[in-house]
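This is what each chain is made of:
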Amino acid sequence: MNRIATHIYPLILFCASILLLSFSGTTQFNPSRYDSIKQLDSNIRTAYKKQKVFYLNQLGKKMARGKLGSTLFSHGQGALVKRRKIFVVDSLGSVVSKYSDDYQFRQFQSVLYISPKDNDLGSDEQMSGRYPRSDKGIHRHLFIKGEELFENTIDTVFLQRHLLMVRVKEHGSSPSVVPIHFADGEIIPGDFSLLERRDDLLLIHEKYNKEFTTYFPNHDRWYNDIVSYDSIEKNHLALRRKHETLLLNALTAELLLTTWKESTFDIRKHTIFVLSEAGPKEHPHLRIHDLSGQLLADKLHYVRDLDSNRVVLQKDELMYISALNGKALSKSYRAIGEDTNGYRVVYEGSHYSFINDSTYEQVPFSYPVIAIREGDLPSKSNFLQELFRAFLKLTTWPLAIINSGYREALYGDNSKDLVILEPSSGFHDGLARVCLIAPQHRADSASLIITSLDQLNAFNYVDIHGKLLNDQKYLNCIPFRKGLAWVKSKKKKGVFQIDTQGKRIGAKKYDDFEVVEHQFVKVKKLIWVDGWFSDYWDTIDGLYDPDGNKIFDCRCDAVLFKKEENKFICSKDDRRIKEFLLPNPND
């Protein structure tokens, strides 16, 4: 009897549970009845059995059914195929809309797109402002969570990674572009009118202003209210708004930093230079960031590059040589010039000196920067004026090696009437040209000023240890080139060349010289005219190239450089008697 009870009692309990469920109006969910079951919606499952598809609620009740090829039920909606028609149903199993067999459908997570056959999604190539129009009487349909959007007004639909870009026809106005994020069915807010693709970006233009939204399809990132954008070295992108500029990594769409709207970016090896409006001394403000956007240095001014690893920066009105991260490599100076043969000229107050361009060690000597006030310049065309013009051409050409802010950095705003006569020429063949005079120091200026050009009559050369080449005081001289330099000697009376030992090369032949285009040198002799020596450059006796080689050796009226012909022309009585064509630097 006990053995029979052991088998009867479970059977009784099972039958009772079946009766209880039947009485309550529900059915027990039995997955084994189906071939497979999938669930993308929180309330409705999609079950498959042979060639049929079923939408089931949580208790397993059939809400709707169709044929194989129907969609998974997702985000409150599904599309069933049955009797050669398409039925859009909601989570209650109710039919929202139905379509004939002339239509097809595609599902994108929360978005259900139904379109006529052979009239599918637009391609990337069509996104250039020219959109294909819908055929008359043919409509496209979008459903989100069982509700239709833009009923009978959809013109074109484009698929862009995470987005559906829907172009909607509007009565009496231009069409609108509506971006829909199909993962959650959210419509991107805005009133857009034009869609275009550039550099792996989507630019969606605002309808009533000049701004646009930038979308990165590969990373699903948005940046709104953009006025313009610039590509920077392919890997970075600057997006400009009305009042700020964003710097992005173009490969990841990551925002690196935000700065003032007028800023520009210079991407270096391991840093980002952020340059904004011009500050004091005509140098732009500078902030330095690493490649992740972290600030490394601030409150600087950018002066210029020295090479791929070094720059000249300015802080508190002093300049220094810096690594690309803003770290100082040298001391600070009033101005920093160019490198000549491993040594760089630097300016401290009214004196200049040199530093080793590798170790930044300063040489143990300095010389004054000579200036004259414009009011002290000769006003009449006379011997002094002509001498000054010739001298100025000779001595001021090295200024070209100094950065554009040199005068302001050295003298300040109160010295705009100063003319710099004696900047450094740098080291050439181990020697630098220097002025040996002791000029007057004016209390109202940081400059060392002369009042007469006659004071400029003591020049020589110095090596990196401060040792003079010899005991001469030349009236004038120019930097060495290939071991030779032109000098004008008062003691030995004449113009000639010397070597790096200070020895004269060749016999005295000329009385004066002048540096002209491309560092060529023209020379002359004084001539006797009506009882006076002619001191003007009315006669020329020769032209030498920068290496000291003779080009012309003839008396003429003028030697002119014709830039358009790239040649020197020697003329006499308005006739060309000789000419010299300069080599093409590209040959």
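Our subject in this report is the structure included herewith. What you see is a predicted model; the values in this text were computed from it and never measured. (Residues numbered from 1 in each chain as written. Predicted model: local features only at pLDDT ≥ 70, side-chain atom pairs only at ≥ 80, totals over all residues. Heavy atoms only, no water.)

All right, on to the overall build of the protein chain then. Secondary structure assignment for the protein chain yields three helices and 53 strands. Expressed as a percentage of the 587 residues in the protein chain, the buried residues total 47%. Across the protein chain, the fraction of contacts at a sequence separation of at least 24, relative to all contacts at a separation of at least 6, is 38%. Accessible surface for the protein chain amounts to roughly 31100 Å². Of this, 50% is attributable to carbon and sulfur atoms. (Helix = DSSP H or I, 4+ residues; strand = E, 2+ residues; numbered from the N terminus. Buried < 20%, exposed > 50% of the residue type's maximum accessible area, 1.4 Å probe, protein only. Contact = heavy atoms within 4.5 Å. Areas by Shrake-Rupley, 256 points an atom, 1.4 Å probe, with all protein chains shown as cover.)

The subject of this paragraph is the pattern of salt bridges. Counted under the stated rule, the structure contains 16 salt bridges. Linking Arg 198 and Glu 196 is a salt bridge whose minimum nitrogen-to-oxygen distance equals 3.2 Å. One connected set of salt bridges, linked through shared partners, spans Asp 307, Arg 310, Arg 344 and Asp 357. (Salt bridge = Lys/Arg side-chain N within 4 Å of Asp/Glu carboxyl O.)

This next bit is on the sheet that holds strand S1 (residues 36–38). On the basis of which strands lie adjacent, the open sheet formed by four strands has the order S1-S2-S3-S4 and antiparallel pairing. Edge strands, defined here as strands with exactly one partner in the open sheet, are S1 and strand S4 (62–67). Taken pair by pair, the neighbouring strands of this sheet meet at an average axis angle of 20 degrees, ignoring direction. Of the strand pairs in this sheet, strand S3 (residues 52–56) and S4 are connected by five bridges, and their pairing is antiparallel. (Pairing = 2+ DSSP bridges. Axes fitted to C-alpha atoms, helices over the stretch in contact; angles between N-to-C directions.)

Here we take up the pairing of strand S18 (residues 212–216). Of all five residues that make up S18, five are buried, and the element is covered over most of its length. The alternating pattern of S18 places Phe 212, Thr 214 and Phe 216 and Thr 213 and Tyr 215 on opposite faces, both of which are buried. With four bridges joining them, S18 and strand S19 (residues 221–226) adopt antiparallel strand pairing. The partner of Phe 216 across the bridge, within S19, is Arg 221. As consecutive antiparallel partners, S18 and S19 are separated by four residues, and within that stretch Asp 220 has a phi angle of approximately 55 degrees, a positive value.

Let us now look at the packing of aromatic side chains. Pairs of aromatic rings are described using the distance from one ring centre to the other and the angle between the two planes. A full pass over the atoms with the stated rule returns 20 aromatic pairs. A ring pair is formed by Phe 354 and Phe 365, whose centres lie 6.2 Å apart and whose planes are at 50 degrees; its orientation type is tilted. Placement of Phe 354 in strand S32 (residues 351–356) and of Phe 365 in the loop between S32 and strand S33 (367–368) is noted, with a sequence separation of 11 residues between them. We classify Phe 354 as buried; its relative accessible area is 0%. Among the residues examined, Phe 365 registers a relative accessible area of 12% and is labelled buried. One cation-aromatic arrangement involves Lys 82 over Phe 87; the distance from NZ or CZ to the ring centre is 5.2 Å. It is Arg 504 that lies over the ring of Phe 496; its NZ or CZ is 5.1 Å from the centre. (Phe/Tyr/Trp six-rings, centres within 6.5 Å; stacked < 30°, edge-to-face > 60°. Lys NZ or Arg CZ within 6 Å of the ring centre and 35° of its normal.)

Once that is clear, we can look at unusual backbone geometry. The phi dihedral of Arg 161 is positive, around 55 degrees, even though this residue is not glycine. The residue Arg 161 is located in the loop between strand S12 (154–160) and strand S13 (163–168) in this model. Look at Asp 429: it is not a glycine, yet its phi comes out positive at around 55 degrees. Topologically, Asp 429 is positioned in the loop between strand S36 (427–428) and strand S37 (431–435). Exposure remark for Asp 429: the relative accessible area of 37% places this residue in the partly exposed category.

So, about the nonpolar core. With 16 residues, the main nonpolar core has Tyr 461, Phe 480, Val 487 and Ile 498 as its most contacted residues. At the level of elements, S37, strand S40 (459–462), strand S42 (484–489) and strand S43 (494–499) are the ones that each hand at least two residues to this core. Counting residues in hydrophobic clusters, the runner-up holds 15 residues, among them Phe 108, Val 111, Leu 149 and Leu 164. (Core = buried A, V, L, I, M, F, W, Y, C linked by side-chain atoms within 4.5 Å.)

This part takes up the sheet that holds strand S41 (residues 476–477). Taken in spatial order, the four strands of this open sheet run S41-S42-S43-S44, and their pairing is antiparallel. Two strands in the sheet have a free side with no partner beyond their single neighbour: S41 and strand S44 (504–510).

Turning next to the pairing of S3. Extensive coverage of S3 is indicated by the burial of four of its five residues. Pairing of strand S2 (residues 45–49) with S3 involves five bridges; the strand directions are antiparallel. Pairing of Arg 45 across the sheet is with Leu 56, part of S3. Between the end of S2 and the start of S3, which pair antiparallel, lie two residues, with Lys 50 showing a positive phi angle near 55 degrees. In textbook terms, the turn of a hairpin is the stretch between consecutive antiparallel strands, and for S3 and S4 this stretch comprises five residues, one of which, Gly 60, has a positive phi near 90 degrees.

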